[in-house]
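Tertiary structure, described
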Amino acid sequence: MSEAVREAPKKERPQFTNIHVTQLSNYRLPLAGVVSILHRISGFLMFALLPVVLYLLEKSLLSEISFEHFKGIASHWFMKLVILALVWGYMQHFCAGVRHLIMDTHVGLDKDSARKSAATVLVISLALTALVALKLFGVF
Amino acid sequence: MAKNNIGPKRLVVGAGYGVRDWLAQRVTAVLMVVYTAVLLISFLTGSNFSYEGWAGLFAQQWFKLFSAVTLFGLFYHAWVGMRDIWMDYVKPVGIRLALQIITIGWLIGCAVWSVQILWSV
């Protein structure tokens with residue numbers, strides 16, 4: 001072995017393990033990864049807000065008086081924001097879930113179409129959420 | 001997985017290693033898609049949003065049962081998803097177990113409440 005080869009400095013190679021929260025900023029998440037983590041976040045959000053949904057459902061169903069009460073609660077600006085968060089969570093989780101179900105049938109698994117479907121999920125769910133937001137805050 | 005990973009050395013993950021939960025999550029997802037479609041159609045084809053129309057829909061027995069089945073499916077779906085989250089991000093077994101127990105309690109509470117709501121109309 002020649003001297004040059006033996007003396008070449010060994011490059012420190014990166015080791016890839018499970019990443020820690022503090023390392024998150026070092027990674028650029030692909031679109032499919034964004035959809036994946038948003039699936040968890042939206043799912044957790046809806047899980048945590050389940051009592052809010054049930055409370056609103058109860059108010060809306062119990063009687064005509066409670067229905068009016070429900071309309072009063074739902075017209076408060078803060079409640080509108082909570083409802084909007086729930087709507088976003090539902091749209092995101094719904095669209096990404098349909099993508100999951102389609103991919104389970106071995107359709108669109110290659111890198112390119114997975115990226116495209118991830119972008120589609122983000123665009124559709126954000127557009128629908130925006131539509132509901134406009135309706136909720138009385139633009140139309 | 002190594003063969004010595006049995007008995008007291010078994011990896012504590014709280015999962016059944018099986019396809020059952022995976023399948024249950026898909027089946028309940030399809031159920032929720034169908035329910036969403038039914039609710040949306042009846043909502044959009046109905047006249048203005050009034051108490052009579054809304055409560056009238058939920059007053060029918062078939063819709064009560066459909067709602068209850070879908071909600072139970074939702075709670076099971078949420079259990080599988082939440083357990084995935086705790087298993088991936090919470091490593092200490094004690095804390096993970098506590099969170100899983102809280103999750104089950106939370107979901108059973110919601111299930112009982114939703115039955116009470118549905119049959120109060």
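On a predicted model such as this, the values are computed, not experimentally measured, just so you know.

Along its length, chain A carries 6 helices and 0 strands. The C-alpha radius of gyration computed for chain A amounts to 23 Å, which surpasses the reference 14 Å derived for 140 residues by more than 25%, pointing to a less compact arrangement than a globule. With the C-alpha coordinates of chain A rotated into their principal frame, the extents come out at 90 × 35 × 30 Å. Within chain A, buried positions represent 19% of all 140 residues. The contacts in chain A between residues at least 6 apart in sequence include a share of 72% that link residues at least 24 apart.

Here the focus is the UniProt feature "transmembrane region" (unreviewed entry) in chain B. Residues and elements named next belong to chain B. With numbering matched to this structure, UniProt assigns "transmembrane region" (unreviewed entry) to residues 29-50, 62-81 and 93-119. Counted over residues 62-81, helix gives 100% and strand 0%. Its end C-alpha atoms are 28 Å apart. Measuring from the first to the last C-alpha atom of residues 93-119 gives 39 Å, for a span that is 96% helix and 0% strand.

A separate point is the UniProt feature "binding site: heme" (unreviewed entry) in chain B. The feature "binding site: heme" (unreviewed entry), as annotated in UniProt, sits at His 77 of chain B in this numbering. In this structure, His 77 of chain B sits in helix H3 (residues 61-89).

This next bit is on the nonpolar core. If you look at the biggest cluster of nonpolar residues, it comprises 19 residues, and the most contacted ones within it are Val 35, Phe 47, Ala 96 and Val 121 of chain A together with Phe 75, Ala 78 and Trp 79 of chain B. Broken down by element, this core gets its largest block of residues, 6 residues, from H3 of chain B. Ignoring sequence-local partners within four residues, the contact set of Ala 78 of chain B consists of Phe 47 of chain A together with Leu 107 of chain B.

This paragraph deals with the confidence of the model for chain B. Residues and elements named next belong to chain B. Per-residue pLDDT for chain B has a mean of 89; in total, 88% of the residues score no lower than 70. Per-element averaging of pLDDT across chain B places helix H2 (residues 51-59) at the bottom with 91 and helix H4 (residues 93-118) at the top with 97. In the model output, the complex is listed with pTM 0.85 alongside ipTM 0.85.

With that settled, the discussion passes to the environment of Val 80 of chain B. When you line up the elements, Val 80 of chain B lands in helix H3. Counting along the chain gives 55 residues from Val 80 of chain B to Gln 25 of chain B, while the straight-line C-alpha distance between them is 7.0 Å.

Conventions we followed
Residues numbered from 1 in each chain as written. Chains lettered and ligands numbered in written order. Predicted model: local features only at pLDDT ≥ 70, side-chain atom pairs only at ≥ 80, totals over all residues. Helix = DSSP H or I, 4+ residues; strand = E, 2+ residues; numbered from the N terminus. Rg over C-alpha atoms; globule rule 2.2 N^0.38 Å. Buried ≥ 20, exposed ≤ 12 C-beta atoms within 10 Å, placed from the backbone. Contact = placed C-beta atoms within 7 Å. UniProt positions renumbered as here; feature names shortened; annotations may be inferred. Core = buried A, V, L, I, M, F, W, Y, C linked by C-beta atoms within 7 Å. pLDDT = per-residue confidence, 0-100.

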